[in-house]
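# Overview (structure and organization)
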Amino acid sequence: MTATSWTRKHIISLEDFSIEEYNTVLTTASSFKDVLQSRTKKVPALQGQVVANMFFEPSTRTRSSFELAAKRLSADILNFAPSTSSLTKGETILDTAKTYLAMGANIMVIRHSQSGVPLNIALEMDRLQSGVSIFNGGDGLHQHPSQGLLDLFTICSSLESKNPQISLLKDKKIAIVGDILHSRVARSNINSLLASGAQVHLASSPTLLPSLFADIVEDKYKDRLFLHWHLKPALENADFVMTLRLQKERMTDYLLPSLREYHQLFGITLDRLQWCKPEVKVLHPGPVNRGVEISSELMDDPNYSLISDQVTNGVAVRMALLYLIGNSK
Ligand code: NCD
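We now examine the packing of helix α5 (residues 145-159) against helix α10 (residues 307-326). For the pair α5 and α10, the least separation of the axes is 8 Å and the interaxial angle reads 115°. Like other packed secondary-structure pairs, α5 and α10 cross with a definite hand, here right-handed. Residue-level inspection shows Ser146, Gln147, Leu149, Leu150, Asp151, Phe153 and Thr154 of α5 in contact with α10, the latter providing Asp309, Gln310, Asn313, Gly314, Val317, Arg318 and Leu321. Of the residues that constitute the contact of α5 with α10, the class distribution is five nonpolar, six polar and three charged.

What follows is the structure in structure tokens.
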């Protein structure tokens, strides 16, 4: 598949992404990374199109990254802030979407605390035959496809910067550590990493990684997904470690004894990286609780940390995704 044969109109989830689609995203993002490093930094690829950034939940990097990506593609961007919008007057989310449709929005990027909202809006936009593309910017505990794809791009590019392809991850050991239960990022990453042929090792406390979690993946992937309730077996010989934020705002129960104890058991530190391969790299989608899921020292260590690369690459990957859905057949 090439960018010109891309057919997916909405990006809601990575559950049904094909290898061809992953590779098209990686190759297209790589070209846009070159554009971002050029002097002009801008292309007219989405000139005349309107991107509506509809974030019903707080966000710094995802919202700004989509905004910058749309601007670099020369689209017009509408930014929506729930606290100053007509939502406070009782307007429904669907009516808000229809308002943006009436203004000529071509792509809506939707983040919401409830799983399923972007899909419902996509179904309604299709029912109206509007031609609008819906992009899930993170919904509840469900999916965060652009984060999964920028993480994939960052990992593949760290192995082969000029030609990032998904096959580079075959048989690599990737540990995902932290609040997996509440993480849509983990769910999207599990989908892409298992599709790549990597071995995925999840580690957390049993309250944040219930054994039932193994059932979220299809049977064909079950022999490459491992669950650990101790850190060491997940980290041993790992090529990459993905750390996740403890999502305090989503914890409705007493799931942890204390943040200090959590750091002692599952915090990623320079010392603990000794268990991994010597060339191991560490990722975190942000925002970070420094000193809880990852030590401050490790977070800032350029020998190991890919965290700022993730943010930089996020713009190129979102340019690729907006470009692909903006020109889909
Ligand atoms: C994540 C999110 O919102 O799902 N952050 C992000 O988009 N970069 C992860 C998190 O909030 O911990």
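Look at helix α2 (residues 61-72): 16 Å from first C-alpha to last across 12 residues, which is about the 16 Å you get at 1.5 Å a residue. Those residues of α2 not exposed but buried are Thr62, Ser65, Phe66, Glu67, Ala69 and Ala70. Summarising the contacts, the buried residues of α2 are in contact with β1 (50-55), β2 (76-80), β3 (107-112), β4 (133-139), α5 and α10. Note on α2: the residue one or two positions beyond its end, Ser74, has a positive phi of about 70°.

Mapped onto the fold, Ser13 is located in the segment before α1 (19-37). Judged by relative accessible area, which is 8%, Ser13 ranks as buried. At a separation of 2.6 Å, a polar atom in the side chain of Ser13 contacts the side chain of Glu15. In contact with Ser13, other than residues within four places in its own chain, are Arg8, His142, Gln143 and Pro145.

So, on to the packing of aromatic side chains. The tally for this structure, following the rule as stated, stands at seven aromatic pairs. Here Phe32 and Tyr323 contribute two aromatic rings whose centre-to-centre distance is 5.6 Å and whose plane-to-plane angle is 70°, an arrangement assigned as edge-to-face. In this pair, Phe32 sits in helix α1 while Tyr323 sits in helix α10, placing the two residues 291 residues apart along the sequence. Owing to a relative accessible area of 24%, Tyr323 belongs among the partly exposed residues under this scheme. Taken together, a centroid distance of 4.9 Å and an interplanar angle of 55° make the contact between Phe56 and Phe80 tilted. Note that Phe56 is positioned in the loop between β1 and α2 and Phe80 in strand β2, a separation of 24 residues in sequence. A residue is classified by how much of its surface remains accessible, and Phe80, at 8% relative accessible area, is buried. Among the aromatic residues, ring-to-ring pairing joins Trp6, Phe17 and Tyr22 into one connected group. The side chain of Arg318 reaches across the aromatic face of Phe66, ending 5.0 Å from its centre.

Here the protein is partitioned into domain 1 (19-143 + 311-326) and domain 2 (145-306). Once you take the C-alpha centre of each, domain 1 and domain 2 turn out to be 26 Å apart. Residue-level contacts link 28 residues of domain 1 with 27 residues of domain 2. Our count for the contact surface shared by domain 1 and domain 2 stands at one salt bridge.

Evaluated as defined, the whole model comprises 13 salt bridges. The partner of Asp171 in a salt bridge is Lys170, with the nearest N and O atoms 3.6 Å apart. A cluster of three or more residues bridged by salt bridges with shared partners is formed by Arg8, Asp16 and Glu21.

Let us look at the side chain of His182. Note that His182 resides in the loop between β5 (173-177) and α6 (184-196). In this structure His182 comes out as buried when scored by relative accessible area, which is 7%. A distance of 2.8 Å separates a polar atom in the side chain of His182 from a polar atom in the side chain of Asp179.

With that out of the way, let us pick up the environment of Asp239. Tracing the backbone shows Asp239 in the loop between α7 (231-235) and β8 (240-243). Remark: the alpha-carbon pair of Asp239 and Glu279, spanning 40 residues in sequence, is separated by 7.0 Å. Leaving out residues up to four positions away in the same chain, Asp239 has contacts with Lys172, Lys173, Lys277, Val280 and Lys281. Side chain to side chain, Asp239 and Lys277 meet in a polar contact 2.9 Å long.

Looking now at the sheet that holds β4. Strands sit in the order β2-β1-β3-β4 across an open sheet of four strands; the sheet is parallel. Of all strands in the sheet, those with a lone pairing partner are β2 and β4, marking the two edges. Across this sheet, the average inter-strand angle for adjacent strands is 15°, counted without regard to direction. Contacting β3 and β4, α10 runs over the sheet at an angle of about 145° to β4.

This brings us to the site of the ligand. Neighbouring the ligand are the residues Arg61, Thr62, Arg111, His144, Gln147, Arg184, Val185, Arg245, Gln247, Pro285, Gly286 and Pro287. With respect to the ligand, the side chain of Arg184 contributes an N or O atom lying 2.7 Å from an oxygen atom. In the complex, 94% of the free accessible area of the ligand, which totals 320 Å², lies under the protein chains. At the level of secondary structure, the elements contributing two or more residues to the shell around the ligand comprise α2 and α6. Its residues assigned to classes, the shell around the ligand comprises three nonpolar, five polar and four charged. Both of domain 1 (19-143 + 311-326) and domain 2 (145-306) provide at least three residues apiece to the shell around the ligand.

About the thresholds
Within each chain, residue numbers correspond to sequence positions counted from 1 in written order. A pLDDT threshold of at least 70 governs which residues receive local features in this predicted model, and a stricter bar of 80 or more applies before side-chain atom pairs are shown or counted, although totals over entire chains, interfaces and linings include all residues. Hydrogens and waters are ignored; side-chain quantities use all the structure's heavy atoms. For helices, the fitted axis covers only the stretch in contact; all axes are lines through C-alpha atoms, and the angles between them, taken along N-to-C directions, range from 0 to 180 degrees. Numbering of helices and strands runs from the N terminus; a helix is a DSSP stretch of H or I covering at least four residues, while a strand is a stretch of E covering at least two. If you view the pair so one helix is near and one far, a crossing is left-handed when the near helix is turned anticlockwise from the far one by less than a right angle, and right-handed when it is turned clockwise. The contact criterion used throughout is that any non-hydrogen atoms of two residues lie within 4.5 Å. The nonpolar class holds Ala, Val, Leu, Ile, Met, Phe, Trp, Tyr, Cys and Pro. Asp, Glu, Lys and Arg form the charged class, and all remaining residues, Gly among them, are polar. To estimate how far a helix should extend, the number of its residues minus one is multiplied by 1.5 Å. Only protein chains enter the area calculation, which uses a 1.4 Å probe; residues under 20% of their type maximum are buried, those over 50% are exposed, and those in between are partly exposed. Any N or O atom pair separated by 3.5 Å or less is treated as a polar contact, with the protein-specific requirement of one donor-capable and one acceptor-capable atom, and with residues adjacent in sequence counted only for side-chain atom pairs. Between the rings of Phe, Tyr and Trp (Trp by its six-membered ring), a pair exists once the centres lie within 6.5 Å; its type follows the angle of the planes, with under 30 degrees stacked, over 60 edge-to-face, and the other angles tilted. As a reminder, the over-ring test applies to NZ of lysine and CZ of arginine, requiring each to be within 6 Å of the ring centre and within 35 degrees of the ring normal. Where a domain begins and ends is set by an automatic assignment or by a domain database. By salt bridge we mean one thing: a side-chain nitrogen of Lys or Arg within 4 Å of a carboxyl oxygen of Asp or Glu. Pairing between strands requires that DSSP locate at least two bridges from one strand to the other. Throughout, near means a residue has at least one heavy atom within 4 Å of the molecule or strand. Here, Shrake-Rupley sampling with a 1.4 Å probe gives the accessible areas, and only protein chains in the shown set may cover a residue.

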